[in-house]
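Inside the fold
The chain contents come next:
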Amino acid sequence: MHGSMNGDSAVGANSVTALLAERANGSSTNMLSQIHEALEVVHGPYSSNESRRQASSFLEELKVNDEAPYHGFTLASDSGQQAVVRHYALSLLEYAIRHKWAEYSDEQAAALRQWVLDLSRNISAEDPLYLRNKTAQLWVEIAKRSWAAAWLDMDELLVQLWNLPGSVVHKEFVLFVLETLSDEVFNGDDTVAILREGALSKACVEIFTPAIVLAEQFPNRQVGTSVRYGEEGWLVRLGELLNQCLETDLHNNSQYQSCAVKALAVYKSVMPWAVPRAIASASCVQHMCKSLAASSVAVQLASVEALHALYCRSQFRDEEFVSLVCPMYTSQMVDLLRKLYEWSVVDPHNIDDEKYLFAKKFSEMMSNLGTFIEQKISAIPEDCDLPNLLNLFLGISQSPSFVVSIPILVTWTRLLRSNTIADSPTITTLIAPLLELCRSRLIRYESIPEDSDDPCMVFLLEDIDTIPERHAFLGNYRRYCIQIIELIVRQKQSEAIYHILGQIDQSIQHLYDGQPPFSADKYSKSSMALLRLDAHFAVVEAALKGYMKWRAVHGSKLQEDDQERVNIETNLEAWCDRLLELNFEDPLIRKRIMQLAVAFSTTALDKKVGFMLKVLEHILMSQLAERPEHPVYTEAVKELQADSMHELQRLAIKMPDQLLDVYEQLEAKINEIIASGTLDNKRQVSYQTFLFTIIHRATTIDPGLRLQKLQSFINPVQQLWQNPAIDHSLSSFDGFCDMLGLTDVRHYLVSRRVLEIQDWAHYQLDAEGQALQSQLEERLKTLPLRTTKSFLACSTDKIERDTPAYKVSCALWRDALPVILPNLLKFLSNAHAFHNPDNWSGLPPEMRSLVSRILTDRFWQAGISEGTKEEFYARVSGTKSTMEGFASSIRGSVRTIREACYSILWCMSRLDVDFYGFSELPGPLAHALFSDAHCLSTHQIIALLNVVRLMVDDCPVEVRSHFVPPILATCFAQMDTKISSQWERLAQKQVSQTGADNLTEEMKEESILRQLTYTAVMMIGGFLDPARTNRQAGSPDGKEASTYGAEGNPASAYPSIRKFCLTSSTILEPLLLFLSHAIRMRDSRSCNVVLRVFRSIVPDFAASPQDSALSSSIREFISTDVLKACISSLNEPYFVDQQKELAQLIASILTSYSPSTETPREILISLPGIQKSSVDKCIDYLTRPSMQQRQQRALVLDLLRDLKGVSISEQGRITKSASTVRKERSKMQQEFMKEQPKAGDRRPSPSLDGVAGMFAEQ
């Protein structure tokens, strides 16, 4: 069978060729001329659209013709034909192989293979590259179908081509075949390759691995029919070719340069799966290293990518590590790597695209090399040059390009975790430059003007175009810098801390060097002085975290460590004392000083009561006066004031017992401050909650006295809710409007004919309008909502259940909740009703559209809105006395009420049975939350969904069946209505032409809709998480709350929230309806979540002996509506990146439900172009027990291949410039562009400051 280039079955192939030729001969000449004519029309610049369409249709229809392969071979093998004709001819052969192979007899398949072999042998250097690659692709297509089965001599034929004398064109052909075959078998999505993955992957290993290694690595291997040829294997042949190429002058020899690049591309493809011993035996690492020193940037880049592919392998045994990784650690190699990095440094103002791309890839490869040091430190031979390698790591991390620098920062965070590495003398000399690097990079570059000449900023703008990605990337970069500082301080303690504090002392003295002196009238929140100080303090905060982690675990040398701790804390206190003496005029610098002082007081200096009292005095006494004539400065002062209250609260929570000792003096001082009349209502309440928290959290106070003192705070709050005037006002929507002054607002809007005013921002309010605006603000202050919210938050924030403080909270609010709840729900219901134009009875019908305009929040969104956030806020502030400002005051009043209600409800839900125990609560609560929720704007619903999620999370399992169904059923139904209608509305808008201003608004609208959709599906994903269990009674806060279960009736006896939802028809029906619609919503992030949710629940409704009517109906719904939605999305180009997930869900539906219902089969058969036999065959394969998920997915994609959408990138290949390629991101770079989930509390309270916190880059 082995031997000739003609391949096996040559006789049968030739006879079939002759038969086909004879059959086609009669019409051949005519057909070929028709093909020529049609191609001329398609590619002719002057052809009409109709004639081009007809010609394209003819060429496509010809592919299904039985004689098409013969015509294809005839034209493709005629070198006299135009390249475009030969390319089309090859596509005829490709169609036959890909779509009709299974229909061919063995003889016909052999004939087709023979044609491809002939075409492959006859390629020449004169053929365009795309024709040669297309021919090689045909070879691969046949190999995927018959190699290692009917076709056994493929390797021999490749070797024959490889050894043909003359130009390297056949070697390049073989390289293309090897690379593509490796990619398709090990990483591709092609159905044929996936279904034959076992045979093909084994064959690939066999032909690439040297025979001697194969025998050593697999001594017990059963030798069947051999598919390899020769002893050396392709890894050895590739190395020999590379050596030949590298011995030439690559810079001036494009042919050998191209060959070397292609050989390295094969290396890159096979390194992730090749046998490590084979890689070592074939000296692959040495060949790649030699390529690094080549005189061609393209070859160097290809070499780095191949090395990167090898070092992305996560695990090597020690001997593999020594043979494959340690050669990179030798002095000679480290010196080469250093020279390569130095060569790759580019000018930020004149970037050499090839060199810069090399630098990025090089950095990622080096990062992987560094990771192995930490993993295998004990296995590294002594002759490795780690000191110089670590110096090189420092040099790369100091690159002004953050994209080049960040992979090595990640490496440092790993290296410094190793005590062996961190304690080595080599590291000691690197500590100071590492700390300086991190300090300099902690400046908030997102606040630096984009026209800055700072090289870091220039590179940053060059690499990352969008503001959200830039912010996320900088957040990740900052996180790694902080981790490095923490780790250094944990390892070096006093040495590192004193170095940091000394450097910062010096820097603070020169904060305004090169900057204009402070001036309130030219105040900026992003002044260089402020940014510098913020960066300095970020370093100190990181050092503080590192110190606290060391202090938490120190004790191996107890006496010595304890003495060091005392010394460090004495020095820290002295440094903080000097910090408090600093007197800056900038309010935000003062704010940072205050924050840092409180951070020290509540952590490292928590035993230093005297220092805590100094900090407390500093907060209470050092306040700045507002200067209304300087609005930006005044805003910063208000920020300082607000943060002062927050820091007081931190002190009260962290150090209540120490504050209790000076409580009487504190109380007197605070009463004096309040009596001065200089505080607004909000700050008065903040001071009171500070005192409240001290009493509430203190552990040394008598329980009876504590409750008595706390009630003295709460009783006045409760009395506010018992005011008969509130009862009367909340009894009707009109009464609610009267109470807030909104009735007068309606009359004013009508009398001023607001509908006719085009530009509200330039329409100045008259005296009556300004009076009404002031009235809105004053009326809001008289409501009990803010005070209630503040005291409830203090009672429930950061408290674990079954602690004394928690029990006090429950006792404290037990009598107040039934007083507050009825009117609270009325507040919420009316606040939502205000968004419904039907409720605006005093407004003429023609003015109803005003409601939406008035209640539409203005907000700034990163990457979409014009200008900076500060400019946006300045514009908002500048329109306060206009009609736009008046509208802002109206919606601000309603938003304040709405979000205060959300916050109060969430705080109440933390009180367990005292909230959930009201049997009549669920219905009225659901009504208040959702009756008019459809009228809320998209981003307003996000806050609503967050509070619903938190209330369901906290619901005790014992009352879940009573509380949850009405809430979630109504919630899911409203979500479906609102979100589905918004996507439909957006789609209709995008069809119509819009101007630039409208486009910006549409982008904002779409972005917020995506956030809402994602919030909704993530909430459902959380409820249906299979790993989620009920929290046991008495345990710390968890997703399921239960603290009063009867003995012998633990939480585990109740179904999980997942099972609860999936067995409640009330909840499940609206939930599944929404999810089925969400599959069609054009947000890939949300779609991915929905598909994962469906894949997790589909098996739950498979037929079983305990089948219920609910299970049967859900099964039919999924088999119909969900399956149709998946197929529809699969058909859309937008969802091309979700095709794998969509196919996996379809496969899951077919495997789970086909045994019990014909519905999914009938749906598939009803699709155009889908054969019944193909569906039955697909289902048969899918339901076989040995079928893997990847294979199931491939079967579905193959069945629906003619329905799949095609992405724009697949519709036509465009040659990319080096600049474009440089901007394409690796997987590592893509991860750096994503915002990482923040550590800390699992469940933050709902954002209650309107839009201010909503648009952080997600």
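Residues numbered from 1 in each chain as written. Predicted model: local features only at pLDDT ≥ 70, side-chain atom pairs only at ≥ 80, totals over all residues. Heavy atoms only, no water.

Before going further, it helps to spend a moment on the pattern of salt bridges. Across all of its chains, the model carries 70 salt bridges by this definition. Salt-bridge contacts for arginine 551 lead to aspartate 606; the nearest nitrogen and oxygen are separated by 3.4 Å. Taken together, the residues arginine 551 in helix α27 (residues 528-553) and aspartate 606 in the loop between α29 (587-601) and α30 (609-621) connect sequence positions 55 residues apart. By relative accessible area, arginine 551 is classed as buried at 15%. The network of salt bridges with shared partners includes Arg551, Asp562, Arg565, Glu569, Asp606 and Lys607. (Salt bridge = Lys/Arg side-chain N within 4 Å of Asp/Glu carboxyl O. Helix = DSSP H or I, 4+ residues; strand = E, 2+ residues; numbered from the N terminus. Buried < 20%, exposed > 50% of the residue type's maximum accessible area, 1.4 Å probe, protein only.)

What follows is about the packing of aromatic side chains. This structure, assessed with the given rule, holds 35 aromatic pairs. With centroids separated by 5.3 Å and ring planes inclined at 75°, the aromatic side chains of phenylalanine 692 and phenylalanine 791 adopt a geometry described as edge-to-face. Placement of the pair is phenylalanine 692 in helix α34 (residues 681-697) and phenylalanine 791 in helix α40 (residues 785-796), with a sequence separation of 99 residues. Comparing phenylalanine 692 with phenylalanine 791, the two get one shared label, buried. A network of ring pairs unites the aromatic residues Tyr311, Phe316, Phe321, Tyr329 and Phe372 as a single cluster. Of note, arginine 479 hangs over the ring of tyrosine 480, and the distance from its end group to the ring centre comes to 4.9 Å. (Phe/Tyr/Trp six-rings, centres within 6.5 Å; stacked < 30°, edge-to-face > 60°. Lys NZ or Arg CZ within 6 Å of the ring centre and 35° of its normal.)

Once that is clear, we can look at the environment of threonine 420. As for its position among the elements, threonine 420 is in helix α22 (residues 419-422). Looking at threonine 420, the relative accessible area reads 53%, which means it is exposed. Sequence separation between threonine 420 and glutamate 374 is 46 residues; the distance between their C-alpha atoms is 9.0 Å.

Let us now look at the side chain of threonine 743. As for its placement among the helices and strands, threonine 743 is situated in helix α38 (residues 742-751). Judged by its relative accessible area of 13%, threonine 743 falls in the buried class. In this structure the side chain of threonine 743 is engaged in a polar contact, spanning 2.4 Å, whose partner is the side chain of aspartate 738. In this structure, threonine 743 is in contact with Asp734, Cys737 and Asp738, ignoring residues within four places of it in sequence. (Polar contact = N/O pair within 3.5 Å; in protein donor to acceptor, adjacent residues only side chain to side chain. Contact = heavy atoms within 4.5 Å.)

Here the focus is the packing of helix α6 (residues 129-146) against helix α8 (residues 169-186). Contact pair α6 / α8: the axes reach a minimum separation of 9 Å and the direction vectors enclose 45°. Taken together, α6 and α8 sit at an angle that is classed as oblique. At the point where α6 passes α8, the crossing takes the right-handed sense. On α8, the residues touching Arg132, Asn133, Thr135, Ala136, Gln137, Trp139, Val140, Ala143 and Lys144 of α6 are Val169, Glu172, Phe173, Phe176, Val177, Thr180, Leu181 and Glu184. Each residue belonging to the contact of α6 with α8 can be placed in one class, and the counts come to nine nonpolar, four polar and four charged. (Axes fitted to C-alpha atoms, helices over the stretch in contact; angles between N-to-C directions. Parallel < 35°, antiparallel > 145°, perpendicular 65-115°, else oblique. Left-handed = near helix turned anticlockwise from the far one by under 90°. Nonpolar A, V, L, I, M, F, W, Y, C, P; charged D, E, K, R; others polar.)

Such coordinate-based values are descriptive only and should not be taken to indicate function.
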